[in-house]
Amino acid sequence: MDELLPLVLQLTNPDQREGVLLELSKKRESFPDLAPILWHSVGTVSALLQEIAAIYPLLWPPTLTAHASNRVCNALALLQCVASHPETRSLFLAAHIPLYLYPFLNTQSKSRPFEYLRLTSLGVIGALVKVDDPEVIHFLLKTEIIPLCLRIMESGSELSKTVATFIVQKVLLDELGLQYVCATGERFYAVATVLSNMMELLTLNPSVRLLKHIVRCYLRLSDNLQAREALSKCLPPTLRDDTFAAALRDDVTVKKWLNQLLSVVGPASTSPPSSSTSSASSNLAAMGGGNNNLGQMSNVLLGGSSRGVGVGGSGSGVSFGSDGLVGN
């Protein structure tokens with residue numbers, strides 16, 4: 001404690017901040033009380049937010065340097081401590097701190113400074129969802145986190161894709177999260193599109209770590225009756241054949257999940273949904289089951305909107321918007 005307090009106090013001094021950020025980020029595992037001290041020390045969180053805001057002008061046009069990226073990522077590492085600590089997690093959410101990170105997640109430059117920035121920002125959100133707290137999922141569903149993660153799942157590095165898929169997985173594992181994604185056909189097929197595209201890429205560059213999270217997402221989606229019916233039409237064939245048999249040979253857990261998924265979804269279907277199903281099923285089926293429709297949904301999803309990343313195109317009235325609600 002005698003070592004920690006002076007360091008935290010120095011964060012409010014602009015002349016000392018960069019060195020202290022580096023030292024604290026390296027030693028954060030050594031200080032179990034770091035998160036509460038950071039949060040409750042006067043001016044400390046404001047100093048960390050100043051570090052984040054200072055990067056915004058470098059996002060577009062993309063001029064972020066390695067030095068600037070490393071510095072802000074050290075600040076993000078400290079915020080991750082706050083996000084993961086049980087005493088400060090709710091305070092972190094109540095202050096809407098995650099929203100400060102969304103501009104970083106929305107960048108598309110593939111340079112290493114930007115990739116490191118996205119990955120570290122994802123780590124903060126990943127720390128939030130890791131604890132299985134319904135309050136966290138409820139907060140995230142009111143924001144743009146799903147479309148932001150979907151974009152990274154399609155175009156990020158393998159590690160960024162893995163963390164982003166993990167976040168979507170944890171959202172789906174919450175009952176409210178599953179209901180949200182399966183509430184409309186547009187939402188369901190936006191997620192299914194990206195998962196399908198990722199499976200295609202995995203045939204070229206297999207990653208058991210990433211495949212594990214994709215299979216778990218599909219399995220969780222199958223818990224919804226209407227989504228299960230849709231998956232019988234759009235589940236990637238590479239999950240039905242032996243494409244990944246060798247890669248999964250030693251992973252008992254993923255093989256178990258995959259067998260459960262195939263058992264629940266059943267054989268591939270090309271017939272339209274039964275007319276006796278609910279109106280929610282009709283919404284899911286409205287987008288069709290073919291890859292062409294999935295590709296169209298991907299293009300619509302990644303087109304963006306003034307309120308966030310839109311789904312459904314102009315005039316549809318459907319969006320993964322910042323309010324987390326759907327309007328028709």
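Residues numbered from 1 in each chain as written. Predicted model: local features only at pLDDT ≥ 70, side-chain atom pairs only at ≥ 80, totals over all residues. Heavy atoms only, no water.

Going through the model one piece at a time under the given rule, you end up with eleven salt bridges. A salt bridge links Glu23 to Lys27; its shortest N-O distance comes to 3.1 Å. Of this pair, Glu23 and Lys27 both sit in helix 2 (residues 14-27), four residues apart, which is roughly one turn of that helix. What makes Lys27 partly exposed here is its relative accessible area of 28%. We note a salt bridge from Glu115 to Arg118, for which the minimum N-O separation is 3.0 Å. Placement of both Glu115 and Arg118 in helix 8 (residues 112-129) is noted, with a separation of three residues, approximately one turn of the helix. (Salt bridge = Lys/Arg side-chain N within 4 Å of Asp/Glu carboxyl O. Helix = DSSP H or I, 4+ residues; strand = E, 2+ residues; numbered from the N terminus. Buried < 20%, exposed > 50% of the residue type's maximum accessible area, 1.4 Å probe, protein only.)

With that out of the way, let us pick up the environment of Cys81. If you trace the backbone, Cys81 turns up in helix 5 (residues 66-84). On the accessibility criterion, Cys81 (16% relative accessible area) is buried. Note: C-alpha distance between Cys81 and Pro32 (49 residues apart in sequence) is 9.3 Å.

Let us now look at helix 11 (residues 158-173). For helix 11, built from 16 residues, the straight-helix expectation of 22 Å at 1.5 Å per residue is met to within 8% by its first-to-last C-alpha distance of 22 Å. Burial within helix 11 is extensive, with twelve of its 16 residues counted as buried. Every buried residue of helix 11 is listed here: Ser160, Lys161, Thr162, Val163, Ala164, Thr165, Ile167, Val168, Gln169, Lys170, Val171 and Leu172. (Expected span 1.5 Å × (residues − 1).)

It is worth spelling out the packing of aromatic side chains at this point. Two aromatic rings, taken as a pair, are described by how far apart their centres are and by the angle between their planes. One pass over the full model with this rule turns up two aromatic pairs. Measuring from ring centre to ring centre gives 5.7 Å for Tyr56 and Phe104, while their planes differ by 55°; the resulting arrangement is tilted. On the criterion of sequence distance, the pair formed by Tyr56 in the loop between helix 4 (44-53) and helix 5 and Phe104 in helix 7 (residues 102-105) is long-range, its members being 48 residues apart. Residue classification places Tyr56 among the partly exposed residues on the basis of a relative accessible area of 29%. With a relative accessible area of 0%, Phe104 lands in the buried category. Ring centres of Phe188 and Tyr189 lie 4.8 Å apart, and the angle between their planes is 80°; on these two criteria the pair is classed as edge-to-face. Each member of the pair Phe188 and Tyr189 is classed as buried. Over the face of the ring belonging to Tyr180 we find Arg187, whose NZ or CZ atom lies 3.8 Å from the ring centre. Over the aromatic face of Trp257 sits the side chain of Arg216, whose NZ or CZ is 5.4 Å from the ring centroid. (Phe/Tyr/Trp six-rings, centres within 6.5 Å; stacked < 30°, edge-to-face > 60°. Lys NZ or Arg CZ within 6 Å of the ring centre and 35° of its normal.)

This part takes up unusual backbone geometry. Across the junction of Trp60 and Pro61, the peptide omega takes the value -5°, indicating a cis bond. Assignment of secondary structure puts Pro61 in the loop between helix 4 and helix 5. For His96, which is not glycine, the phi torsion reads 60° and is therefore positive. Turning to its location among the elements, His96 is positioned in the loop between helix 6 (89-94) and helix 7. Backbone geometry places Asp132, a non-glycine residue, at a positive phi of 55°.

Relative to the assigned elements, Arg71 resides in helix 5. By relative accessible area, which is 23% here, Arg71 ends up partly exposed. Residues Arg71 and Leu21 lie 50 residues apart in sequence; the distance between their C-alpha atoms is 7.4 Å. Other than its neighbours up to four places away in sequence, Arg71 contacts Arg17, Glu18, Leu21 and Glu51. (Contact = heavy atoms within 4.5 Å.)

Looking at the protein chain, pLDDT values average 85 and 82% of them are 70 or higher. Counted against residues more than four places away or in other chains, residues 273-328, with its pLDDT under 50, gives 113 contacts. (pLDDT = per-residue confidence, 0-100.)

For the pair helix 2 and helix 5, the least separation of the axes is 9 Å and the interaxial angle reads 55°. One finds that helix 2 runs oblique with respect to helix 5. Seen from above, helix 2 lies across helix 5 with left-handed handedness. Taken together, the residues of helix 5 that come into contact with helix 2 (itself represented by Arg17, Glu18, Leu21, Leu22, Leu24 and Ser25) are His67, Arg71, Asn74, Ala75, Ala77 and Leu78. Tallied by class, residues from the contact of helix 2 with helix 5 come to six nonpolar, three polar and three charged. (Axes fitted to C-alpha atoms, helices over the stretch in contact; angles between N-to-C directions. Parallel < 35°, antiparallel > 145°, perpendicular 65-115°, else oblique. Left-handed = near helix turned anticlockwise from the far one by under 90°. Nonpolar A, V, L, I, M, F, W, Y, C, P; charged D, E, K, R; others polar.)

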